[in-house]
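Commentary on secondary and tertiary structure
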Amino acid sequence: MSADAEPNPIYRREEVLLAPYAMHSTDSAGRKHPEPRQTYRGPFQRDRDRILHSGAFRRLSHKTQVFTGDMGDYHRTRLTHTLEVASIARTLARALQLNEDLTEALALAHDIGHPPFGHSGEDVLDECLRGDGGFNHNAQALRIVELLENRYPEFPGLNLSLEVLAGQSRRAHKHSPPSQGGAAPLLEVQVVDAADSIAYDSHDVDDSLELGLLDLHQLLAVPLWREAAERVRQRFTSLDDRQLRRAIVHELINWQVDDLLSVVQHELASRRVASVGDVRRAPVLVAPSPQLAELKLGLERFLFKHVYRHEAVETKRNEARQAIREMFEILLAAPDRLPSKFRARIAQDGAARAVGDYLAGMTDRYALDEHRRLTAAGG
Ligand code: MG
């Protein structure tokens, strides 16, 4: 422990509560722009607060997770999905004695780079920016927190700790082969990935049932759902459909969390993981058991076929794709129509990227309004 960390109660608290393989605040590599320590908040608490207070975070409330806002007001938005991920990730982190503040900061930031209209928005921006490095929501999250959020006079972006940036950067590159000598991510990063998957596998079924895209009978073809339903029926004998559905969704979350914790605890013990260094040298340890992974895959395939490709969802998606593409073309041809914040980035990043940043930051509703404005006759 470094000498100036000694009097800080945050660091003493972590000494008592965190496992030796957790990321301790006192071991943080710091920030790109060094800042003095605070006595009442640790570095990862500050990261979490900065993310929570950012404009990009607030705009998640009007961004699509899977279903657009005009389909109802029950289903998850990008914001409520993020909060569910943060809640599950905190549960996992506390049970494993990991750094909850770091985990929460990573969870709150994990989808901050999503453009309007979810993956459709992402796909069309990727096509539009193909010649300029493409578009990916994980990489965009890094641009936002390092560059585009402009809230502090001392530095661009949010100047987050290097651990949060590395965690997000790893998400941006998780489909590329590991770099030479590539180390495994911190357990706090691994936990957020797992919590994301637990959250969407549970809530997408719930939302689809509420929207009438699926019915309970159809889901009996999905072994994961069938088994969860069986567990619920053993405990409760007279639930109506709505109560049954909610109980099954809770069961799905609890089952996945229980399974994950027992796998991780077993891995940590059998590999004698006793430090962050050991975590770095081990393979990724936070993963469901092979049996549950297989069942999750079955559910995901079912959702892909029956929900993500559902006609009602596809129709909205095509409208959104077209609106984003048209706006991209109009603004690329006339970048002087960009707001000054984005115009100012053209010299450094080129017009295409500046237009992409502007479009990616929009909420669903703002994107449709702006599309109307830009395509209006003489607009
Ligand atoms: Mg997510």
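For the structure, see preceding data.
Residues numbered from 1 in each chain as written. Predicted model: local features only at pLDDT ≥ 70, side-chain atom pairs only at ≥ 80, totals over all residues. Heavy atoms only, no water.

1. A few points about the coordination of the magnesium ion
We count it as follows: Donor atoms are limited to N, O and S found within 2.8 Å of the metal ion, a distance that becomes 3.2 Å for Na, K and Ca. With water left out, some sites might look partial. Where helices and strands are cited, they refer to DSSP runs of H or I of at least four residues and of E of at least two residues respectively, numbered from the N terminus. The classification of residues rests on relative accessible area computed with a 1.4 Å probe and restricted to protein chains. Under 20% of the type maximum is buried, over 50% is exposed, and intermediate values are partly exposed.
Every protein donor of the magnesium ion is listed here as His81 (NE2), His110 (NE2), Asp111 (OD) and Asp196 (OD), and their distances to the metal cover 2.2 to 2.4 Å. In terms of primary sequence, the donors binding the magnesium ion are separated according to H-x28-H-D-x84-D. You can see His81 sitting in helix 4 (residues 78-95) and its partner His110 sitting in the loop between helix 5 (100-109) and helix 6 (118-128), a full 29 residues away along the chain. Each member of the pair, His81 together with His110, is buried.

2. Let's talk about empty space enclosed by the protein
Applicable threshold: In this analysis, the protein atoms alone were mapped onto a 1 Å grid. Cavities are point sets where a 1.4 Å probe fits without being able to get out; pockets are open sets with protein on both sides within 12 Å along at least five of seven lines; lining residues have an atom within 4 Å of a point. Grid points are joined across faces, edges and corners, and a volume is the space filled by probe spheres set on the points. Following the grouping adopted for this structure description, the nonpolar residues are Ala, Val, Leu, Ile, Met, Phe, Trp, Tyr, Cys and Pro, the charged ones are Asp, Glu, Lys and Arg, and the polar ones are all others, Gly among them.
Following the criterion strictly, the structure yields 2 cavities of 30 Å³ or more and no others. By residue class, the composition of the lining of the largest cavity is 5 nonpolar, 3 polar and 2 charged. Considered as a void within the structure, the second largest cavity measures approximately 40 Å³ in volume. Its residues placed into classes, the lining of the second largest cavity shows 3 nonpolar, 2 polar and 2 charged.

3. Here we look at the side chain of Glu122
Note the cut-off: When charges are counted, Lys and Arg contribute as positive and Asp and Glu as negative, whereas His and the chain ends are disregarded. Salt bridges are counted wherever a side-chain nitrogen of Lys or Arg sits within 4 Å of a carboxyl oxygen of Asp or Glu. Nitrogen and oxygen atoms within 3.5 Å of one another constitute a polar contact, given that in protein one can donate a hydrogen and the other can accept it, and given that sequence-neighbouring residues count only through two side-chain atoms. Residue contacts follow a heavy-atom distance rule, with two residues in contact if any of their heavy atoms lie within 4.5 Å.
Assignment of secondary structure puts Glu122 in helix 6. Within the buried core, Glu122 has no salt-bridge partner, and the shortest N-O distance to an opposite charge, that of Arg78, equals 7.0 Å. Only 3.0 Å separates the side chain of Glu122 from the side chain of His119, close enough to count as a polar contact. Among all residues touching Glu122, those that are not within four sequence positions of it are His114, Pro115, Phe135, Asn136 and His137.

4. Looking at helix 4
This is how it is decided: By this rule, a helix spans an expected 1.5 Å times one less than how many residues it contains.
The terminal C-alpha atoms of helix 4, which comprises 18 residues, lie 26 Å apart, in line with the 26 Å expected from a rise of 1.5 Å per residue. Among the residues of helix 4, Arg78, Leu79, His81, Thr82, Val85, Ala86, Ile88, Ala89, Leu92 and Ala93 are the ones counted as buried. Backbone geometry just after helix 4 places Gln97 at a positive phi near 60°.

5. Considerations on the nonpolar core
For clarity, the threshold we go by: Buried Ala, Val, Leu, Ile, Met, Phe, Trp, Tyr and Cys residues that are joined via side-chain atoms within 4.5 Å together make up what is termed a nonpolar core.
Counting residues in each nonpolar core, the largest one holds 54 residues, and the members touching the most others are Tyr21, Ile51, Leu92, Leu98, Leu187 and Leu268. Top contributing element to this core by residue count: helix 9 (residues 187-210), with 8 residues. With residues near it in sequence (within four places) discarded, Leu92 still touches Val191, Ala195, Val257, Leu260 and Leu261. Counting residues in hydrophobic clusters, the runner-up holds 28 residues, among them Val205, Ala229, Val232 and Tyr308.

6. Some thoughts on the environment of Leu162
Tracing the sequence through the fold places Leu162 in helix 8 (residues 162-172). Along the primary structure Leu162 and Leu239 are separated by 77 residues, whereas in three dimensions their C-alpha atoms are 49 Å apart. With near-sequence residues (within four places) excluded, Leu162 lies in contact with Ala29, Gly30, Arg31 and Lys32.

7. What about the side chain of Thr64?
Position of Thr64 among the secondary structure elements: in the loop between helix 3 (55-59) and helix 4. In terms of polar contacts, Thr64 uses its side chain to reach the side chain of Asp364, at 2.4 Å. With near-sequence residues (within four places) excluded, Thr64 lies in contact with Arg78, Phe117, Gly118 and Asp364.

8. Side note on the packing of helix 4 against helix 12 (residues 241-270)
Operational definition: Under this scheme, a helix contributes an axis fitted over its contacting stretch, all axes are lines through C-alpha atoms, and angles between N-to-C directions fall in the 0 to 180 degree range. By convention the crossing between two helices is left-handed if the near helix lies anticlockwise of the far one by an angle smaller than a right angle, and right-handed if it lies clockwise.
Where helix 4 meets helix 12, the axes come as close as 11 Å, and the angle between the chain directions of the two elements is 35°. Taken as a pair, helix 4 and helix 12 cross one another with a handedness that is right-handed. When helix 4 is examined against helix 12, the residues Ile88, Thr91, Leu92 and Ala95 are found in contact with a partner set consisting of Ile253, Val257, Leu260, Leu261 and Gln265. Residues that form the contact of helix 4 with helix 12 fall into these classes: 7 nonpolar, 2 polar and no charged.

9. A few points about the environment of His306
Secondary-structure assignment places His306 in helix 14 (residues 290-308). Owing to a relative accessible area of 25%, His306 belongs among the partly exposed residues under this scheme. In sequence terms His306 and Leu213 are 93 residues apart; their C-alpha atoms lie 7.7 Å from each other. Excluding residues that lie within four positions of it along the chain, His306 makes contacts with Leu213, Leu214 and Gln218.

10. A short note on the pattern of salt bridges
Scanning the model with the defined rule gives 36 salt bridges in all. As a salt-bridge pair, Arg76 and Glu84 come within 3.0 Å of each other at their nearest N and O atoms. Judged by its relative accessible area of 24%, Glu84 is partly exposed. Overlapping salt bridges, with partners in common, bring together Arg41, Arg48, Asp49, Arg90, Arg94, Glu100, Asp101 and Glu104 in one network.

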